[in-house]
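For reference, the chains in residue letters:
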Amino acid sequence: MGERMDAAIQKYMDIQEKNELGGGQKHMDRQHERGKLAARERIDLLIDPGTFRELGSCVNTTGKRIDGMVPDAPCDGVVLGTALVHGRPVMLHSTDFTVLGGSMAAQGMVKFARAHEMAIQWGIPMVHLLDSSGGRLGFKDVEFAGFDWWFRTQSRYSGVVPQITVLMGPCIAGGAYLPTLCDLLIISRISGNLWLGGPRQTQAATSEVFDKNVGGADYHMQFTGTCDRVGDDDQASVRLCREVLRYLPPNYRETPPQWEKTDSADREVGELVDIVPDDFDQGYDMHDVIKVLVDDGEYFEIKDEYAKNLICCFCRFDGRSVGLVANNPKYPGSTLEVNTCDKYYRFLQLLDAYNLPLVNLVDTPPMVPGEAEEERGLLRHIGKVLDVYATSTVPKIGVVLRECYADAGSLVMSGLKGMGADLTYAWPIAQFAVEASSLDYGKVMGDVIEKDAHDVYWKHSREKVDAFAAAHSWTGQVVDEIILPKDTRKRIIEALEITANKEETLPLRKKRHGSSPS
C-alpha cells in the first residue's frame, strides 16, 4: 500500500477507536455507575454475535453552539446500522447518552430518518434503543431537529415493518412521541422515563410537583397502558426485545415465522379439566391454561400488568407464531371494560398488520355496565374493538371454555360467527346467553317495565343455552363443533393449518383504514 492509503486507513481506524468510547471514558464510566449500558453494549446484547454493520460511523455534528463553538460528537450521538437477530436482518438505531446527553441534532436525525426509509424499502424491522435528553437546544442548526420528518415517517409506514422501542433513559416533550408511535414499547425499570412534560418542565410552567414515579416504567405499565413490557434493567429490557422479535415477521408482506417444531402437535391436554372448574362460580387463572396449550409452555405477554382481566400474548402452536387473547376469570368476571378494550384493540391492530392469526380463549366476557364506565366512553371503546375485529383479515379461531355472553364480549372474542370468526369450538360444558345477568328484571325494575314486555323479552335475555343446543342449529351461527378439553391443543393447531391460506379483502376501500370510533 502507498502512503496515501496508509494515512486514510489510519484515519478510519482512529475514528472507529474514538467511536467506541462515545463521549469519552468519563461519560462512559458515569453511564455504568447509573446501572445503564452504553449504546454499543446494548446493540451487542440484542444481536447475533459479530453481525453488526454500522452505517454513518464517520458522521459528526455540523452544528455550532450559540457561542460559535463546534463540539465533538462522534456519530452525532447516534449509532446506527444493520444486524442479524435470530438469523434475520434488522435495522438498529441506538442513541448514545455519553455524547452530549444523547441529544438529537440535524445529522443524527437525518441518519435515523434515512435508516427508517431504508428499513421500509428493504422490508426489515426497525429497532430503537433510546436513551436521549431530547433536542440539542442551544445550537444554531437545531430548531425541531428533524422530528417532523421522523414522526411523519413513523406514521406513514406504520404496519409496514415492525417498529420497536426499548426505552432506557429520559424521553420528554416531542421526543416522547417516538415510542408511542411504535408497535411495541419496552421500558427499563431503573432508567426509562417517558413524559410529555417532565418534572422540572411542568413545575416551571404550572408549579405542579410530580411524584417521582410518574413517567416511570411501572407507571406507564399499570396506569396509562403505554408500555408493553417492563425490564428490570437495561439487560433485561434488551433481551425482551430480542425475544419478541422471534414472533414477528420482518414486514407486512410475509407470513409469521415458522420455528422448529419442539412440541408434539398431537399432544393431549387432559389436565385442563383439573385447571378449569366446571362450577361456573369458581375462578381460575387462564395463564395456567395457556401454559398447557402452547408450544413448550412459552408465551410472550403484552401489557401483563395492565387491564389484567384480559390476556394478550404472542405464542406458538406447532412452531407457528400466533397472537392469543383470553379472558382471565382470576379477576372479577373476566369482564371487558374501557382499559381492556384499549388493550385488545391495540393488540389486534398489530396482529392484523403483520398477518398473525388470532386465537381466542373465551370465558365470561360481558361488558361492565355502570356510571363510571359509561362516563369513560365504554360504547366508543367497545366500538373500536368491534370495528378492528370485523375488519381484520387474519385467521380467527375461538374456543369457548365455559361461558360466552353476547351482551358485548362474545362479539369480539370469536364467540359469534357473524362477526367474522373462522372457526369457533366449544367445550361440552359451555353455555351461551344474550346477557350475563341473572337478576329478575321484573323484581328489580318493578313498574318501570310493562309486564308483557318482561314476559315476552326481558326474562328470556338471560336464559342460558348449553353447547349442545347452540351446536344443534347452524343457522344460529355460534358453534362449529363441540370438542373435548383434552383435544383443545390439537384442534387449534388443525384450525391454524386449515386457515393458513385464508384470503380476505375489505370491500370498496381504496384507503387502508376506515373511520372507527375514536
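Rules used in this analysis
Residues numbered from 1 in each chain as written. Predicted model: local features only at pLDDT ≥ 70, side-chain atom pairs only at ≥ 80, totals over all residues. Heavy atoms only, no water. Helix = DSSP H or I, 4+ residues; strand = E, 2+ residues; numbered from the N terminus. Buried < 20%, exposed > 50% of the residue type's maximum accessible area, 1.4 Å probe, protein only. Contact = heavy atoms within 4.5 Å. Areas by Shrake-Rupley, 256 points an atom, 1.4 Å probe, with all protein chains shown as cover. Expected span 1.5 Å × (residues − 1). Pairing = 2+ DSSP bridges. Axes fitted to C-alpha atoms, helices over the stretch in contact; angles between N-to-C directions. Core = buried A, V, L, I, M, F, W, Y, C linked by side-chain atoms within 4.5 Å. Salt bridge = Lys/Arg side-chain N within 4 Å of Asp/Glu carboxyl O. Polar contact = N/O pair within 3.5 Å; in protein donor to acceptor, adjacent residues only side chain to side chain. 1 Å grid on protein atoms, 1.4 Å probe; cavity = no way out; pocket = protein on both sides within 12 Å on 5 of 7 lines; lining within 4 Å. Points joined across faces, edges and corners; volume = space filled by probe spheres on them. Nonpolar A, V, L, I, M, F, W, Y, C, P; charged D, E, K, R; others polar. Phe/Tyr/Trp six-rings, centres within 6.5 Å; stacked < 30°, edge-to-face > 60°. Lys NZ or Arg CZ within 6 Å of the ring centre and 35° of its normal.

## Describing the overall build of the chain
- A tally of regular secondary structure across the chain gives 18 helices and 19 strands.
- Taking all 518 residues of the chain together, 52% fall into the buried category.
- Partitioning the contacts of the chain with sequence separation of at least 6, the portion at a separation of at least 24 is 75%.
- Within the structure as shown, the chain displays about 23700 Å² of accessible surface, and the carbon and sulfur contribution to it stands at 53%.

## What about helix H4 (residues 106-122)?
- Taking 1.5 Å per residue as the helical rise, H4 with its 17 residues ought to reach 24 Å, and the 24 Å between its terminal C-alpha atoms agrees with that figure.
- Listing the buried residues of H4 in full gives Gly108, Met109, Lys111, Phe112, Ala113, Ala115, His116, Met118, Ala119 and Ile120.
- Glycine 123 sits one or two positions beyond H4 and adopts a positive phi of about 70 degrees.

## Things to note about the sheet that holds strand S2 (residues 78-85)
- With respect to topology, seven strands assemble into an open sheet ordered S1-S2-S3-S4-S5-S7-S9, the strand pairing being mixed. One side of each edge strand has no neighbouring strand; the edge strands of this open sheet are strand S1 (53-54) and strand S9 (229-231).
- Relative to strand S5 (residues 163-167), strand S4 (residues 126-130) is paired through five bridges, and the arrangement is parallel. Across the sheet, residue histidine 128 finds its bridge partner in S5, namely threonine 165.
- Docked against the sheet, H4 engages S2, strand S3 (88-95), S4 and S5, running at close to 25 degrees with respect to S2.
- Sitting on the sheet, helix H9 (residues 234-245) touches S2, S3, S4, S5, strand S7 (184-188) and S9, and the angle it makes with S7 is about 160 degrees.

## Quick word on unusual backbone geometry
- Positive phi is not limited to glycine here, since alanine 307 has a value of about 45 degrees.
- When you line up the elements, alanine 307 lands in the loop between strand S10 (299-302) and strand S11 (310-317).
- Although it is not a glycine, aspartate 318 adopts a positive phi angle of roughly 55 degrees.
- Here aspartate 318 shows up in the loop between S11 and strand S12 (320-327).
- For aspartate 318, a relative accessible area of 15% translates into the label buried.

## Quick word on the nonpolar core
- Core analysis: the biggest nonpolar cluster contains 60 residues, and Leu92, Phe314, Tyr344 and Phe432 have the highest contact counts within it.
- If one sorts the elements of this core by residue count, helix H12 (residues 338-353) sits on top with seven residues.
- The contacts of phenylalanine 314, once residues within four sequence positions are left out, are Leu184, Val244, Tyr247, Leu248, Tyr299, Phe300, Ile302, Val322, Phe347, Leu350, Leu351 and Leu356.
- Counting 31 residues, the second largest nonpolar core, distinct from the first, contains Tyr284, Val294, Cys315 and Ala326.

## Let's talk about the pattern of salt bridges
- Counted by the stated rule, this structure contains 27 salt bridges.
- For lysine 330, the salt bridge is made with aspartate 285, and the minimal N-O distance between the two is 3.8 Å. Residue lysine 330 is found in the loop between S12 and H12, and its partner aspartate 285 is found in the loop between helix H10 (272-275) and helix H11 (286-293); the two are separated by 45 residues along the sequence.
- In this structure, lysine 308 engages glutamate 305 in a salt bridge whose closest nitrogen and oxygen atoms are separated by 3.4 Å.
- Residue class for glutamate 305 comes out partly exposed when judged on its relative accessible area of 36%.

## Thoughts on the side chain of serine 191
- Following the sequence through the fold, serine 191 ends up in the loop between S7 and strand S8 (193-195).
- Among the polar contacts made by the side chain of serine 191, one reaches the main-chain carbonyl oxygen of methionine 168 at a distance of 3.2 Å.
- At 3.0 Å, the side chain of serine 191 and the side chain of serine 188 are in polar contact.

## Remarks on empty space enclosed by the protein
- Inspection of the entire model under this criterion finds two cavities of 30 Å³ or more.
- Counted as a void, the second largest cavity has a volume near 70 Å³.
- Among the elements that take part in the lining of the second largest cavity, H12 stands out by supplying four residues, more than any other.
- Of the residues that constitute the lining of the second largest cavity, the class distribution is five nonpolar, no polar and five charged.

## Examining the packing of aromatic side chains
- Counted according to the given criterion, the structure contains three aromatic pairs.
- Here the aromatic residues Tyr247, Phe314 and Phe347 are joined through ring pairs into a cluster of three or more.
- The ring of phenylalanine 97 carries the charged tip of lysine 36 above its face, separated from the ring centre by 4.3 Å.
- Here the guanidinium or amino end of lysine 384 rests over the ring plane of tyrosine 345, the centre of that ring lying 5.1 Å away.

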